[in-house]
Amino acid sequence: MIDKPIRSVVIVGGGTAGWMAAASLAKFLENMNVRIQLVESEQIGTVGVGEATIPPIMDFIRVLGIDENEIVRQIKATFKLGIAYRDWTRPGDFYFHPFGPTGAGMGSISFPAYWLKMFLSGDAARLEEYSIQAMAAERNKFMRPVHAPNTPLNKITYALHFDASLFARYLRRYSEARGVMRTEGMIKHVSLRPEDGFIESLFLENGETIEGDLFIDCSGFRGLLIEQALKTGYEDWTHWLPCDRALVVQSEHAGPPPPYTLVTAREAGWQWRIPLQHRVGNGHVYCSGFTSDDKAADVLLSNLEGAPIGDPMPLRFTTGRRKKGWNKNCVALGLASGFLEPLESTSIHLVHRGIAMLLKFFPDRNFEQADIDRYNRIFEFEFGRVRDFLLMHYTHTERQGAFWEHCRKIPLTDSLKEKIDLFRSHGRILREDTELFPIQSWLFVMIGQGIIPRGYDPLVDSLDPAKIKANLDAIRTTVKQCVDAMPGHKEFIEKNCAA
Ligand SMILES: Cc1cc2nc3c(=O)[nH]c(=O)nc-3n(C[C@H](O)[C@H](O)[C@H](O)COP(=O)(O)OP(=O)(O)OC[C@H]3O[C@@H](n4cnc5c(N)ncnc54)[C@H](O)[C@@H]3O)c2cc1C
């Protein structure tokens, strides 16, 4: 029996995280008599970046019952089939990390296992040629999956590039239409209950007081509730992921928008290019210990494909996470919960996961410690596995220069070391529990980064090599034929969801 149900939820912050939380709670707590209030300060504003996503964002949109073409139009989005890595492993090198499954198993033997055997003997093409996402991206094509058997067209997996402020504004309209109350104002003080240190109320600059049962901290890097009030603590991961600054600038299009994010390695970091319908988002992520802000700005501005719109905006960050994502009656989401640099576009996804986990362990006013502990273990595990995936991009390269040489010396985490050791011996990749990246993501990035196994899974020898070869050829041919038949990305947008 729920004798003490949550009566009010207070969300602090109206950036991407705050409005994602508000929209989800408005949807899932419908008919439960829970008052949902969001406080934000226009004076402080939002971080204003975060434009590339990964495929689970499409589930977030669908679950809210939002029409996909409608939101794509409103937030001026384009489609994303993966990430292209340019000059990353070494200058002149190029590899693609596509979304979605690649190839198909042969009986009980997985595609990665038999592809690897043929690759090691020089009898397989590059991985990208077996992925419909990678091949469509290379040729600027896009379509949604079709409902048909036995075709790679039924597996097309995609995400979005969108304008972050338009996305937040869309979710605000959605939330307010479902009863979420928005308060404009600057929070000056957070009051804690003397007996147990739980958050009791927020005091605004205008004299207003806001009370609540459950508080969601979406206040950005400052962590107004989770850190400044509750002193939860932060685990600094800069020794693994040393980039600590970014410069962000928008630019005009120099051609049709490609259906992928491009990331290019630079002397002390990397640069992103995210195409939207109306403009391009660009950013240079770098390590302040290895370059100056002026030099970083020169690198960014001299590598834009179209004319810049405005001046670069500087951002500083410390990669890491809060020691607890949920502390007492406060759950932190978004930048307030931690930050992993945006190389694989994972932050918005971690907001989504935080909301999903909060709903899974939704409390009553007793705030059972077992629920909180489990939430925190999942939070810790998932952040850690994303960190490992990012770290691997830096430790395994052949690039010259002080920054990249420093990165190669970064000690691996135990969990990443195990992953790489398993892969190096027989090409094995394990996905544990709820870790984010699927086996094929690890495969593409490990091969892309030049981590080549010494051997392959011995069980692949149960298959006739001639049959494997024929199967690989058939997959490649089918992928090519499917991509031939796909419309261009720009054409698809113009026909279905132009802003
Ligand atoms: C350089 C960079 C690039 C990124 N790229 C990506 C990407 O490609 N993909 C991705 O998934 N993520 C990316 N991210 C992360 C992404 O931007 C964030 O996860 C996302 O925007 C969520 O931000 P937020 O809502 O947590 O914080 P913010 O946008 O900072 O919002 C904080 C909110 O809190 C309010 N607030 C703060 N203090 C107070 C106060 N005292 N009183 C009242 N209100 C207050 C502010 O007004 C604001 O509304 C990137 C981040 C950075 C830094």
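Residues numbered from 1 in each chain as written. Predicted model: local features only at pLDDT ≥ 70, side-chain atom pairs only at ≥ 80, totals over all residues. Heavy atoms only, no water.

Got a sec to walk through the packing of aromatic side chains? Specific residues and values, please.
A complete count under the given rule lists 28 aromatic pairs for this structure. Taking 5.7 Å as the distance between ring centres and 70° as the angle between the ring planes, the aromatic pair formed by Phe198 and Phe367 counts as edge-to-face. Taken together, the positions of Phe198 in the loop between β8 (187-192) and β9 (199-204) and Phe367 in the loop between α9 (347-360) and α10 (369-395) put the pair 169 residues apart, joining distant regions of the chain. A relative accessible area of 14% places Phe198 in the buried class. (Phe/Tyr/Trp six-rings, centres within 6.5 Å; stacked < 30°, edge-to-face > 60°. Helix = DSSP H or I, 4+ residues; strand = E, 2+ residues; numbered from the N terminus. Buried < 20%, exposed > 50% of the residue type's maximum accessible area, 1.4 Å probe, protein only.)

Please give an account of unusual backbone geometry that cites residues and values.
Although it is not a glycine, Asp87 adopts a positive phi angle of roughly 60°. Tracing the backbone shows Asp87 in the loop between β4 (82-86) and β5 (94-98). Of note in this structure, Lys231 is not a glycine but carries a positive phi near 50°. The residue Lys231 is located in the loop between α7 (224-229) and β12 (234-236) in this model.

Explain the sheet that holds strand β18 (residues 320-322) residue by residue, including any values.
Strand order in the open sheet made by the three strands is β12-β18-β21, with antiparallel pairing throughout. Either end of the sheet is taken by a strand with one partner, and the two such strands are β12 and β21 (338-339). Taken together, the three bridges between β12 and β18 define a ladder with antiparallel strand orientation. In the sheet register, Asp236 faces β18, and the bridge partner there is Gly320. Its contacts with the sheet put α10 on β18 and β21, and the angle it makes with β18 is roughly 175°. (Pairing = 2+ DSSP bridges. Contact = heavy atoms within 4.5 Å. Axes fitted to C-alpha atoms, helices over the stretch in contact; angles between N-to-C directions.)

Quick rundown of the sheet that holds β8? Include the residues and the values.
Strand order in this open sheet of three strands is β8-β9-β10, and the pairing throughout is antiparallel. A strand with exactly one partner marks an edge of an open sheet, and here the two such strands are β8 and β10 (209-211). Along the sheet, successive strands turn relative to each other by an average axial angle of 20°, direction set aside. Across three bridges, the pairing between β9 and β10 is antiparallel. Directly across from Leu202, in β10, lies its bridge partner Ile210.

Any chance you could break down the pairing of strand β16 (residues 280-286) for me, citing the residues and the numbers?
Within β16, seven of the seven residues are buried, which leaves it mostly tucked inside the rest of the structure. Of the two faces of β16, both are covered, the one formed by Val280, Asn282, His284 and Tyr286 as well as the one formed by Gly281, Gly283 and Val285. As paired elements, strand β13 (residues 245-251) and β16 share seven bridges and run antiparallel to each other. For Val248, the partnering residue across the bridge sits in β16 and is Gly283.

Talk me through the pairing of strand β15 (residues 269-275); I want residue IDs and the actual numbers.
A large share of β15 lies buried, amounting to seven of its seven residues. The pairing of strand β14 (residues 261-266) with β15 spans five bridges and is antiparallel. Paired with Thr264 across the bridge in β15 is Gln271. Between β14 and β15, which follow one another and run antiparallel, lie two residues. When β15 meets β16, the two strands line up antiparallel, connected through seven bridges. Note that in β16 the partner of Gln271 across the bridge is His284. Where β15 folds back onto β16 in an antiparallel hairpin, the turn is made up of four residues.

Tell me about the site of the ligand, and name the residues and values.
Residues in close proximity to the ligand total 34 residues, the closest being Gly14, Ser41, Ala52, Ile187 and Ile348. A distance of 3.0 Å separates an oxygen atom of the ligand from a polar atom in the backbone of Val49. At the level of secondary structure, the elements contributing two or more residues to the shell around the ligand comprise α1 (16-28) and α9. Considered class by class, the residues forming the shell around the ligand number 17 nonpolar, 14 polar and three charged. (Near = heavy atom within 4 Å. Polar contact = N/O pair within 3.5 Å; in protein donor to acceptor, adjacent residues only side chain to side chain. Nonpolar A, V, L, I, M, F, W, Y, C, P; charged D, E, K, R; others polar.)

Pulling in residues and values, what's your account of the nonpolar core?
One finds Ile11, Tyr114, Leu171 and Tyr394 to be the most contacted residues of the largest nonpolar core, which totals 147 residues. The greatest single-element share of this core, amounting to 11 residues, is contributed by α10. By size, the runner-up hydrophobic cluster in this structure holds 18 residues, among which are Val12, Ile199, Ile210 and Ala336. (Core = buried A, V, L, I, M, F, W, Y, C linked by side-chain atoms within 4.5 Å.)

Go over the side chain of Ser41, please, and point to the residues and values.
With respect to the helices and strands, the residue Ser41 is situated in the loop between β2 (35-40) and α2 (56-63). Ser41 has contacts with Glu184, Gly185 and Met186, leaving out every residue within four places of it along the chain.

Taken by themselves, the reported measurements are silent on function.
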